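For reference, the chains in residue letters:
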Amino acid sequence: WAFGVLYGGYTDQSETIGRIKEIINHDYPIDGYWIDSWFWNYQNKGRGPSGYLDFIGDTIAYPKMEVMWDFMKENKIKSGIWIWDCVIEEGNEQVFKEAYLDVKSKENPVGYFKSISINKSTWHNGGKLDQPGQLKKGRALGDFDFENPNAVKYFHNKLAPFFNKGVDFLKLDRSARLPYCKAAFEATQALGLETKGRGFLLVHSESKAEVYNKYPAKWTDDTQIAWSHPTENWPRGGLKENVEYITIPGQKGFDVPFIGCDIGGYSYGLEPIPEKEDEELFIRWAQFGAFLPIMEVFSAYETPSNSLAWKFSERADEIFRATSQLRLKLFPYIYSYAHQSRWEGENIIRSDGKCAYQYHFGEELLVGPVVEKGAVTKEIYLPPGKWIDFHTHKVYKGNQNVTVDAPLHQIPILIRSGAIIPMRNYARSVELGNNEHLSLMVFPEGNSAFKLYENFLSLVIPVTRYVPL
């Protein structure tokens, strides 16, 4: 299900159910939905500090969490919540006491925390910037020590009620420290009622060390809603830089096996919100996001569209529907490469690092995201061999640069001659679909093969299905 389409939002219980119904009514695929940071303090619009992190959640905005998550489960949609790796003392005194005062000892003077410090951030801190000396006034911040087994056990125990009520996955924020990722991933493995031991996270792409691959997935951080925004400051990058993150060696997303981005960009940052949001930018970003290992749709609460296609225009609505539905049809292809990443260490995103704005999506497909406003063509370098335009079936010789058509409703995709691409019938979510009927796109050229992986745990194929071709 993680390889379908995921959404996130700053929505209360009724808004969450309402938004999901709208997504379904617009015939968009949806496989997962997470509630971001306001889950802990919706009434105060996430300002905090109360709720961060009290392990209770906003029970006024989410009066019957299990009803909300049951609704998702009935619609084959996985549910997630946002968490972080610390506790602000003010407004969360009970957890602070449990994790610190009740368990501190000579060996562990700060209990389950790695450290206790003055909070130097206004984020989820009521907009307050704490000053030196305020540590004694209840303004302390405790960072969990995820290298302490007892702290991890405490963290899991505090999260367990949410999983028992229906949560399936977690979005991690504030940090991407390895012990934090490990502890949270293992929580989703052990506690998720639907994941059956196969955990799932969304984590910042702060580090690309190979060991992080054990705790997928990552996203390209909070990015600027812009065609280009070349800065490391918050928010980081626009569409152009997001593509570079993944296709240029040394960038944060390069070599990360399971990565996605906030389609449409996350925030306008310090820029004023325009009266009319850029429809073309959203469409091009959605096309790029659909051809990443993880496809997710999310934006800051203040964006008028919330990165929902129907709020832009009828044209954006139609294009997003077609693009996202194509991804669900390609699920057997994407899922097979996900297994290949796991078993053979070869990722679905493959880039030579020389052509920054194109990449292989598996061995068979070459994708060229459009990153320039107003562009309706795209120059692409074709490796040796023959290549076929996915949309027009025009054949090109390789080992040269070619200019292909890129009308707004299409992302350039070239198919390697000899490719076999498995597709299945469209269903609104991965789990609502099946592989009972597969269509094969075959482009004959010499001897060809495709290794198809299926879900061994749940798919039983009768022997009678094996019919000689």
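In short, a report on the structure. (Residues numbered from 1 in each chain as written. Predicted model: local features only at pLDDT ≥ 70, side-chain atom pairs only at ≥ 80, totals over all residues. Heavy atoms only, no water.)

This structure, assessed with the given rule, holds two cavities of 30 Å³ or more. If you add up the space inside the largest cavity, you get close to 80 Å³. Residue lining of the largest cavity: 13 residues in total, with Ile 225, Gly 264, Tyr 268, Glu 277 and Phe 312 positioned closest to the centre. Looking at the second largest cavity, its volume works out to about 60 Å³. (1 Å grid on protein atoms, 1.4 Å probe; cavity = no way out; pocket = protein on both sides within 12 Å on 5 of 7 lines; lining within 4 Å. Points joined across faces, edges and corners; volume = space filled by probe spheres on them.)

Our next topic: the side chain of Thr 247. Within the element layout of this structure, Thr 247 appears in helix H6 (residues 239-247). A polar contact of 2.4 Å, which involves the side chain of Thr 247, links it to the backbone oxygen of Ala 356. Other than its neighbours up to four places away in sequence, Thr 247 contacts Phe 254, Ser 351, Gly 353, Ala 356, Gln 358 and Tyr 359. (Helix = DSSP H or I, 4+ residues; strand = E, 2+ residues; numbered from the N terminus. Polar contact = N/O pair within 3.5 Å; in protein donor to acceptor, adjacent residues only side chain to side chain. Contact = heavy atoms within 4.5 Å.)

Another point: the pattern of salt bridges. Under the counting rule described, the total for this entry stands at 21 salt bridges. In this structure, the salt-bridge partner of Lys 171 is Asp 36, at a minimum N-O distance of 3.0 Å. With Lys 171 in strand E7 (residues 169-172) and Asp 36 in the loop between strand E2 (32-35) and helix H2 (65-74), this residue pair connects regions lying 135 residues apart in the sequence. Overall, the relative accessible area of 2% leaves Lys 171 in the buried class. One salt bridge in this structure joins Arg 174 and Asp 143, with 2.6 Å as the shortest N-O distance. Of this pair, Arg 174 sits in the loop between E7 and helix H5 (178-191) while Asp 143 is found in strand E6 (residues 140-144), placing the two residues 31 residues apart along the sequence. Judged by relative accessible area, Asp 143 falls into the buried class, the value being 11%. Beyond isolated ion pairs, a larger network of salt bridges with shared partners links Asp 85, Asp 143, Arg 174 and Arg 177. (Salt bridge = Lys/Arg side-chain N within 4 Å of Asp/Glu carboxyl O. Buried < 20%, exposed > 50% of the residue type's maximum accessible area, 1.4 Å probe, protein only.)

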